[in-house]
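Here is what each chain is made of, one letter per residue.
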Amino acid sequence: GDQGFNLLWWLAVSSTILAISRAFSDPPNAPLHPEALLQSVARHTHYRPARWRGKGHTRAVYDEFVCLYQYRVWLLLQEILGCLTAPLVLCLALPARAEELLEFVRAFTVHVDGVGHVCGFALFDFERHGDTRYGAPVAGAPAHRSRDGKMEKSYLNFKLHHPSWRRDAGEVLI
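First, a word on scope: everything that follows refers to the structure included in this document. Values in this document were obtained by computation on a predicted structure and should not be read as measured data.

Basis of the calculations
- Residues numbered from 1 in each chain as written.
- Predicted model: local features only at pLDDT ≥ 70, side-chain atom pairs only at ≥ 80, totals over all residues.
- Heavy atoms only, no water.
- Helix = DSSP H or I, 4+ residues; strand = E, 2+ residues; numbered from the N terminus.
- Rg over C-alpha atoms; globule rule 2.2 N^0.38 Å.
- Buried < 20%, exposed > 50% of the residue type's maximum accessible area, 1.4 Å probe, protein only.
- Contact = heavy atoms within 4.5 Å.
- Areas by Shrake-Rupley, 256 points an atom, 1.4 Å probe, with all protein chains shown as cover.
- Lys, Arg positive; Asp, Glu negative; His and termini not counted.
- Charge placed at Lys NZ, Arg CZ, Asp CG, Glu CD.
- Disulfide = S-S within 2.5 Å.

### Quick word on the overall build of the protein chain
Thinking step 1. Tallying secondary structure elements over the protein chain gives six helices and two strands in all.
Thinking step 2. Taking 2.2 N^0.38 as the reference for a compact globule, 174 residues should give roughly 16 Å; the C-alpha atoms of the protein chain span a radius of gyration of 25 Å, well beyond that estimate.
Thinking step 3. By principal-axis analysis of the C-alpha atoms, the protein chain measures approximately 80 × 50 × 35 Å.
Thinking step 4. Every one of the 174 residues in the protein chain was classed for burial, and the buried ones make up 15%.
Thinking step 5. Of the contacts made within the protein chain by residues no fewer than 6 positions apart, 26% connect residues no fewer than 24 positions apart.
Thinking step 6. Split by element, the accessible area of the protein chain, about 13800 Å² in all, is 63% carbon and sulfur.
Thinking step 7. Of note, the protein chain has its 19 positive side-chain charges centred 6 Å away from the centre of its 17 negative side-chain charges.

Next comes the structure, spelled out in structure tokens:
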């Protein structure tokens, strides 16, 4: 009879575990230069708060960093959990909110010639959706404003990444 797995099987399993564990760890004897590492991350993410500069070695920066950039294993587990919970949300929570969702789509969908139907907020229509508390030149009706100045903030971010794009109504924000 068969007494168990042979040596080749154990070698294959051990090699697989070793390869997976190495993918989630740093190379051995890697020099630790927190400032250089943070600068490298900032080149890819375009995010490096001023309060982190010169303090990459501190526990406060580390704690803030690990909240923003989580381990790959944890992210994988979150994705798997999301795949399991999404059908529950779709089946249990969304039917009760379907009417509100459809009303939002009806109220904020706009037709643009040559483009089709788009969300009205994407047009940066300050007259309809603007909020003067967040720098919009005109205040729209309270029911049609973006929440917490999101449209105004989106406009500034869009303008930052596309400086040659012109929209006279939003130039007041800049």
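### Comments concerning the state of the cysteines
Thinking step 1. A complete count under the given rule lists zero disulfides for this structure.
Thinking step 2. In this model Cys 83 remains outside any disulfide bridge; the closest cysteine sulfur is found in Cys 91, 15 Å from its own.
Thinking step 3. The exposed category is assigned to Cys 83, whose relative accessible area is 57%.

### A word on unusual backbone geometry
Thinking step 1. A positive phi angle, near 60°, is found at His 46, a position not held by glycine.
Thinking step 2. Considering the arrangement of structural elements, one finds His 46 in the loop between helix H2 (34-45) and helix H3 (59-68).
Thinking step 3. Despite not being glycine, Asp 148 has its phi angle at roughly 55°, a positive value.
Thinking step 4. Note on placement: Asp 148 falls in the loop between helix H5 (126-129) and helix H6 (150-161).
Thinking step 5. Relative accessible area serves as the criterion here: at 45%, Asp 148 is assigned to the partly exposed category.

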